[in-house]
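Residues per chain are reported as follows:
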Amino acid sequence: MRKSKPKKRVLLPDPKFNDTLVTQFVNNLMLDGKKSIAYTIFYSALDLMNDKAEKEGKPALEMWKKALENITPSVEVKSRRVGGATFQVPTEIRSERKVSYSMKNMILFARKRSGKSMAEKLSAEIVAAYNQEGGAYKKKEDMHKMAEANRAFAHFRF
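No experiment lies behind these values; they were computed from the predicted model shown. (Residues numbered from 1 in each chain as written. Predicted model: local features only at pLDDT ≥ 70, side-chain atom pairs only at ≥ 80, totals over all residues. Heavy atoms only, no water.)

**Considering the UniProt feature "domain: Small ribosomal subunit protein uS7" (unreviewed entry) in the protein**
Part 1 of the argument: Summarizing the sequence annotation, UniProt attributes the feature "domain: Small ribosomal subunit protein uS7" (unreviewed entry) to residues 1-151 in the numbering used throughout.
Part 2 of the argument: Helix makes up 59% of residues 1-151 and strand makes up 11%, while its end C-alpha atoms are separated by 30 Å. (UniProt positions renumbered as here; feature names shortened; annotations may be inferred. Helix = DSSP H or I, 4+ residues; strand = E, 2+ residues; numbered from the N terminus.)

**Some points on the nonpolar core**
Part 1 of the argument: Counting residues in hydrophobic clusters, the biggest one holds 33 residues, and the most contacted among them are F25, F42, W64, M106 and L122.
Part 2 of the argument: Of all elements in the fold, only α1 (20-29), α2 (35-56), α3 (60-70), α4 (95-112), α5 (118-130) and α6 (135-149) reach the threshold of two or more residues within this core.
Part 3 of the argument: Among residues more than four places away in sequence, those in contact with F25 are F42, W64, M103, M106, I107 and L122. (Core = buried A, V, L, I, M, F, W, Y, C linked by side-chain atoms within 4.5 Å. Buried < 20%, exposed > 50% of the residue type's maximum accessible area, 1.4 Å probe, protein only. Contact = heavy atoms within 4.5 Å.)

**What about the pattern of salt bridges?**
Part 1 of the argument: For the structure shown, the criterion picks out 9 salt bridges.
Part 2 of the argument: One salt bridge in this structure joins K66 and E69, with 3.7 Å as the shortest N-O distance. Separated by 3 residues within a single helix, K66 and E69 lie in helix α3, roughly one turn from each other.
Part 3 of the argument: Exposure remark for E69: the relative accessible area of 54% places this residue in the exposed category.
Part 4 of the argument: A salt bridge links E96 to R94; the nearest nitrogen and oxygen atoms lie 3.5 Å apart.
Part 5 of the argument: Relative accessible area serves as the criterion here: at 41%, E96 is assigned to the partly exposed category.
Part 6 of the argument: Judged by relative accessible area, which is 55%, R94 ranks as exposed. (Salt bridge = Lys/Arg side-chain N within 4 Å of Asp/Glu carboxyl O.)

Okay, here's the thing in structure tokens:
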């Protein structure tokens, strides 16, 4: 949009934990508008994680939030064309985009995992992200490495 900024949509908190972050995650997890199925998948993934969470001494929701925090990138690279050459310019990421990016990566790598149900795959990816491993964490690390390697072009910032 050139003139007006789009209005931020207000998310309603989820029924079980009363948390808007959970709603945002479920909205990203949802396929074909099937929100109730997405909620079922998310809640059963947290239930599968419960025994691991109890060993840590934290509730499963806190473990999920920590896992999201672990895979949230702080910088990204954007292509910028200067004088016929294209440079990868490292830029800071807005806070809403950070959270959205980490959620989408977690879901993407959970879908790629091997396992029976999506709930099992998601719980495995959450535990991996909590332990700072797995596909989503590797993607964040790669992004940071790329930004670090191209730090010399930071003065081309947008």
